[in-house]
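Survey of secondary and tertiary structure
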Amino acid sequence: MSATPVLTAHGVSITYEVDPPVQAVKDVSLTLHRGEILGLAGESGCGKTTFAYGLNRLLKAPAVMTGGDVEFHDVDGTDINVVGLSGEGLRRFRWDKVSMVFQGSMNSLNPVMTVQAQLEDVFITHRPGMRKAQRRERSAELLELVGVDPNRLGAFPHELSGGMRQRIMIAMALALNPQVMIMDEPTTALDVVVQRGIIREIMRLRERLGFAVIFITHDLPLLIEISDRIAIMRDGAIVELDDAEKIYHDPQHEYTQKLLASFPSLRGERGDFVRLGHGETPVSAPTPSGGIA
Ligand SMILES: Nc1ncnc2c1ncn2[C@@H]1O[C@H](COP(=O)(O)OP(=O)(O)OP(=O)(O)O)[C@@H](O)[C@H]1O
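Residues numbered from 1 in each chain as written. Predicted model: local features only at pLDDT ≥ 70, side-chain atom pairs only at ≥ 80, totals over all residues. Heavy atoms only, no water.

Thoughts on helix 3 (residues 115–126)
Every α-helical turn comprises 3.6 residues, leaving residues that sit three or four positions apart pointing alike. Taking 1.5 Å per residue, 12 residues should reach 16 Å; helix 3 reaches 17 Å between its end C-alpha atoms and fits that length. Along helix 3, the residues that are buried comprise Val 115, Gln 116, Gln 118, Leu 119, Glu 120, Val 122, Phe 123 and His 126. On its buried face, helix 3 is in contact with helix 2 (87–93), helix 4 (132–145) and helix 5 (162–174). (Helix = DSSP H or I, 4+ residues; strand = E, 2+ residues; numbered from the N terminus. Expected span 1.5 Å × (residues − 1). Buried < 20%, exposed > 50% of the residue type's maximum accessible area, 1.4 Å probe, protein only. Contact = heavy atoms within 4.5 Å.)

Put into structure tokens, the structure is as follows:
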């Protein structure tokens, strides 16, 4: 993992303009480094999703960004002011540079279109120069990347399990080789075994393709295992941000300590959840030092 920034948020504040107004995000600053997994943890309602939407310019009324900047530092050296994007610029930025996977995204697949048609749609919209054969080839390659048999390209969403559909959403988010993926509770709706399989896949893909991840969940034990750094959010603000190892062994903020204490399962070795299944041999997972365990 490098210490080169890929996405920077400065003093982001977001309010839902309802009566009375809800200030959901309060002056949040955060730097995501190229290739890192940054976990964002906090109780339900603390503002994680609102902040993630703000990062990717996905906020809709009544949510308003009342302050702050978001900057994307492209691999080609260009800095993009995300808050200032609109129209075509915004369309090109989303999915291409920063993509997003949500908890419920597996249900947002179109029920009357095959997987193939939905993957190809991404290319038709964003890569109009691509020929049909190239689109097909890339769609098959993407399914393979996320561990789904390319023979399933002709399937409709209802013919696939929840885990497979979520993998397909991850394939779509990967389609244009984004430099950042924002994952908001991407596996929460799935059972633990399927969840572990998908998380492992994300870790492997990250190793292979080098994108950075903002991984949002209230599941702190999971974040401790997979993240390089963790930000703890409470009531719209980040109260602590540090290396995962430090958050686990030496949390500074009282709220972080409380949050950790609320997970009695946090007793095993860091990495066990992802690496060790029932009787399985360990697979590669990043360690806090950035190496492979
Ligand atoms: N459309 C809305 N109108 C008014 N308030 C909202 C709206 N959406 C969210 N909020 C409020 O904004 C705050 C932050 O919500 P947000 O969904 O970002 O939290 P979260 O940490 O992602 O929670 P969860 O883990 O449950 O998804 C909460 O107080 C919530 O009630």
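A word on the site of the ligand
In the neighbourhood of the ligand, the contacting residues comprise Tyr 16, Val 18, Val 22, Ala 24, Glu 43, Ser 44, Gly 45, Cys 46, Gly 47, Lys 48, Thr 49 and Thr 50. The fraction of the free accessible surface of the ligand (640 Å²) that becomes covered by protein chains is 62%. Among the elements of the structure, strand 2 (22–33) and helix 1 (48–55) are those that each provide at least two residues to the shell around the ligand. Element by element, the count of residues in the shell around the ligand is highest for helix 1, at three residues. (Near = heavy atom within 4 Å. Areas by Shrake-Rupley, 256 points an atom, 1.4 Å probe, with all protein chains shown as cover.)

What to know about helix 6 (residues 192–209)
Here helix 6 contains 18 residues, and its C-alpha end-to-end distance of 25 Å stays within 8% of the 26 Å for a straight helix at 1.5 Å per residue. Buried within helix 6 are the following residues: Gln 195, Arg 196, Ile 198, Ile 199, Arg 200, Glu 201, Ile 202, Met 203, Leu 205 and Arg 206. The distance from a side-chain oxygen at the start of helix 6 to the backbone nitrogen of Val 193 is 3.1 Å, and the residue carrying that oxygen is Asp 191. Where helix 6 ends, the next residue or the one after it, Gly 210, has phi of about 80 degrees, a positive value. (Polar contact = N/O pair within 3.5 Å; in protein donor to acceptor, adjacent residues only side chain to side chain.)

Let's talk about the nonpolar core
In this structure, Phe 215 and Leu 220 are the most contacted members of the largest nonpolar core, which totals 51 residues. Considering every element that reaches this core, the biggest residue donor is helix 5, with seven residues. Residues Val 6, Ala 212, Ile 214 and Ala 231 belong to the second largest nonpolar core, which totals 34 residues. (Core = buried A, V, L, I, M, F, W, Y, C linked by side-chain atoms within 4.5 Å.)

Quick look at the packing of helix 5 against helix 6
Where helix 5 contacts helix 6, the axes come no closer than 10 Å and their chain directions differ by 20 degrees. With respect to helix 6, the axis of helix 5 lies roughly parallel. Handedness of the helix 5/helix 6 crossing: right-handed. Across the interface between the two elements, Gly 163, Gln 166, Arg 167, Ile 170 and Leu 174 of helix 5 pack against Val 194, Gly 197, Ile 198, Glu 201, Ile 202, Leu 205 and Leu 209 of helix 6. By residue class, the composition of the contact of helix 5 with helix 6 is seven nonpolar, three polar and two charged. (Axes fitted to C-alpha atoms, helices over the stretch in contact; angles between N-to-C directions. Parallel < 35°, antiparallel > 145°, perpendicular 65-115°, else oblique. Left-handed = near helix turned anticlockwise from the far one by under 90°. Nonpolar A, V, L, I, M, F, W, Y, C, P; charged D, E, K, R; others polar.)

With respect to the packing of aromatic side chains
Under the definition given, this model contains two aromatic pairs. Ring geometry for Tyr 53 versus Phe 102: centroids 5.6 Å apart, planes at 55 degrees, classification tilted. Taken as a pair, Tyr 53 in helix 1 and Phe 102 in strand 6 (residues 98–102) lie far apart in primary sequence, 49 residues in all. Aromatic pair Phe 72 and Phe 93: ring centres 5.5 Å apart, planes at 80 degrees, arrangement edge-to-face. Of this pair, Phe 72 sits in strand 4 (residues 63–73) while Phe 93 sits in helix 2, and the two are 21 residues apart along the sequence. For Phe 93, a relative accessible area of 2% translates into the label buried. (Phe/Tyr/Trp six-rings, centres within 6.5 Å; stacked < 30°, edge-to-face > 60°.)

Thoughts on the packing of helix 3 against helix 5
Running from N to C, helix 3 and helix 5 cross one another at 20 degrees; their axes reach a closest spacing of 9 Å. Viewed along their axes, helix 3 and helix 5 adopt a mutual orientation that is roughly parallel. Here helix 3 and helix 5 pass one another in a crossing that is right-handed. The residues of helix 5 that touch helix 3, namely those facing Val 115, Gln 118, Leu 119 and Val 122, are Ile 168, Ala 171 and Met 172. Considered class by class, the residues forming the contact of helix 3 with helix 5 number six nonpolar, one polar and no charged.

Section: the UniProt feature "domain: ABC transporter" (unreviewed entry) in the chain
Mapped onto the present numbering, the UniProt feature "domain: ABC transporter" (unreviewed entry) falls at residues 9–260. The annotated region residues 9–260 carries 37% helix and 27% strand content, and the separation between its end C-alpha atoms amounts to 26 Å. (UniProt positions renumbered as here; feature names shortened; annotations may be inferred.)

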